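A structural walkthrough
What follows is the residue order along each chain.
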Amino acid sequence: MITVTVTVNGRTYRADCEPRRTLADFLRHDLGFVGVHVGCEHGVCGSCTITLDGASARSCCLLAVQVDGAEIVTVEGLAENGELHPLQESFRKHHGLQCGFCTPGMLATAMELLEENPDPTDAEIRQGISGNLCRCTGYQFIVDAIRDAAPGR
Amino acid sequence: MKAAPFEYLRASSLDEAIEALAGTPDARVLAGGQSLVPLLNLRQARPPLVVDINRVDELSFLRKENGRLEIGALTRHRVVETSAVVRSEVPLLAEALGFVGHVAIRNRGTVGGSLAHADPAAELPAVMVALDAEFSVRGPAGERVIAARDFFLGPHRTALEPGELLTRISVPTHRGGWAVEELSRRSRDLALVAVFATVTLSGEVCETARIAVAGAGPTPIRATAAEEALVGGALTDDAIALAAELVAAATDPPGDLHAPADYRREMAAVLTRRAIARAEEGA
Ligand SMILES: Cc1cc2nc3c(=O)[nH]c(=O)nc-3n(C[C@H](O)[C@H](O)[C@H](O)COP(=O)(O)OP(=O)(O)OC[C@H]3O[C@@H](n4cnc5c(N)ncnc54)[C@H](O)[C@@H]3O)c2cc1C
Ligand code: FES
Ligand code: FES
């Protein structure tokens, strides 16, 4: 067992885990951030995507011990004072959330996309989320939601 | 699935990492983890020891030095891809990196990890072969330099000896035009076939041409015969068509459910025609 310390959504946590524990399982099972969804465990589906030290990352493709000391934002950290983040609000408005399984990863991916490109075209949005699979296949609504939340529009 | 148990060492220096690797046969280096952690999760890799080099700061750098780009093995893809120096001095590398998985993968994956993983369908090994890059490696016996062309021995097999680490990638800068043309099953997936080309012109005449192919053999393929056919003449449609045939002839593609060998070979020719035409435009 190794002790891992991480800051999640602004609060610092310390917990023991085995070296083989993925960051996804550490966040979900050891720290209780169940918004971290695990689909494929090999980097393909994108549902476990979180923000790690300011950049998107697949939490299933990292070991928790590897990111000791990191700052993480999960979907639980997006809303502030009971108010949804504008991107979350846009997902609600456009019905971009169907079963919700892919949503946390979609949000983390879209946040980074909009940060780097505040006024993306639909093609750029589609390219940006092409690493995130939605098994409800609600891509059109997700694209609408991201476009409508773009700060540059 | 979940990884099988292993011992874990967080190395704080290169020497410490080398010592640990030398002491445990079959130990694996952990860089970005974007290939290794999935392999661990699927139990396709079951190393007794994982040596984490993420804290070995001396392996993370990117600078221009004597007309070459020097890249530390631990430098993340996204850092290289978005670097202004790389975009101006080795633009082929910047473009190629845009094809390596998705942004979330490139934020964590490292240049050294991609090369050491030596997937024949990966972009970086082929780009390094196209650009005549040199790799520095270090092990218990000291440091040595290996040309990119001699580094890749087969699928997931490299010239790295047990206990050796890839430390630095040295890439000559290049002028002229360049292009990446890739065919993949999904956006930003590994290549079914990809062609990487650079061209310089003197007036109408092709002065230099470099062409490498990914996904078309057990290692990246450098298409020397095609390059030689192009140099010294104008890049006419006929010249490009001949080069494309020579590239296809140099390939030894695998065939699978997704793309039979013949199809990959034919696509190598098609992508070569497109790549050279686009490289010529930018030259
Ligand atoms: C969904 C998905 C899509 C992907 N798409 C692509 C793609 O389109 N193109 C592509 O090329 N790759 C792709 N990859 C693979 C991945 O991006 C690269 O292989 C990855 O960047 C490897 O770098 P890493 O630092 O994460 O290496 P790791 O996973 O940490 O290590 C990979 C291997 O290299 C060894 N290693 C690492 N660093 C060193 C070193 N310095 N010296 C010696 N050995 C070392 C490790 O022991 C291991 O065997 C994809 C991966 C995923 C999960
Ligand atoms: S669970 Fe991490 S990408 Fe699928
Ligand atoms: S909303 Fe159901 S998987 Fe995307």
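What counts, and where the lines are drawn
Residues numbered from 1 in each chain as written. Chains lettered and ligands numbered in written order. Predicted model: local features only at pLDDT ≥ 70, side-chain atom pairs only at ≥ 80, totals over all residues. Heavy atoms only, no water. UniProt positions renumbered as here; feature names shortened; annotations may be inferred. Salt bridge = Lys/Arg side-chain N within 4 Å of Asp/Glu carboxyl O. Helix = DSSP H or I, 4+ residues; strand = E, 2+ residues; numbered from the N terminus. Buried < 20%, exposed > 50% of the residue type's maximum accessible area, 1.4 Å probe, protein only. Contact = heavy atoms within 4.5 Å. Polar contact = N/O pair within 3.5 Å; in protein donor to acceptor, adjacent residues only side chain to side chain. Near = heavy atom within 4 Å. Areas by Shrake-Rupley, 256 points an atom, 1.4 Å probe, with all protein chains shown as cover. Nonpolar A, V, L, I, M, F, W, Y, C, P; charged D, E, K, R; others polar.

- Identification of chain B as Carbon-monoxide dehydrogenase medium subunit from Amycolatopsis umgeniensis is taken from an unreviewed UniProt entry.

- Under an unreviewed UniProt entry, chain A has the name Carbon-monoxide dehydrogenase small subunit and belongs to Amycolatopsis umgeniensis.
- Within the UniProt record for chain A, the comment given under Pathway (unreviewed entry) is "Alkaloid degradation; nicotine degradation."

1. Focus on the pattern of salt bridges
Residues and elements named next belong to chain B.
- Scanning the model with the defined rule gives 27 salt bridges over all chains in all.
- As a salt-bridge pair, Glu70 and Arg168 come within 2.8 Å of each other at their nearest N and O atoms. Taken together, the positions of Glu70 in strand 5 (residues 68-72) and Arg168 in strand 10 (residues 165-172) put the pair 98 residues apart, joining distant regions of the chain.
- Taking the relative accessible area as the measure of exposure, Arg168 reaches 25% and is therefore partly exposed.
- Put simply, Arg265 and Asp262 hold a salt bridge, and the shortest N to O gap is 3.4 Å. Placement of the pair is Arg265 and Asp262 together in helix 12 (residues 261-282), with a separation of three residues, close to one helical turn.
- Assessed through its relative accessible area of 30%, Arg265 is described here as partly exposed.

2. What to know about the interface of chain A and chain B
- At the junction of the two partners, chain A supplies 30 residues and chain B supplies 31 residues.
- Put simply, chain A and chain B have four salt bridges between them.
- For B:Lys2, the salt bridge identified is with A:Glu41, shortest N-O distance 2.4 Å.
- Linking chain A to chain B there are 18 residue pairs in polar contact (both at pLDDT 80 or more).

3. A closer look at the site of ligand 1
- Taken together, the neighbourhood of ligand 1 is formed by 33 residues, with B:Val29, B:Ser35, B:His77, B:Thr110 and B:Glu123 sitting nearest.
- Near ligand 1, residues from chains A and B are present, making the site a shared one.
- Between B:Gly32 and ligand 1, the recorded distance is 2.7 Å, taken from a backbone N or O atom to an oxygen atom.
- Interatomic distance of 2.7 Å between a backbone N/O atom of B:Leu36 and an oxygen atom of ligand 1.
- Computed on the free molecule, ligand 1 has an accessible area of 970 Å², of which 93% lies beneath the protein chains in the complex.
- Among the elements of the structure, strand 2 (28-30), helix 7 (111-117) and strand 10 of chain B are those that each provide at least two residues to the shell around ligand 1.
- Looking at the shell around ligand 1 residue by residue, the classes come out as 16 nonpolar, 13 polar and four charged.

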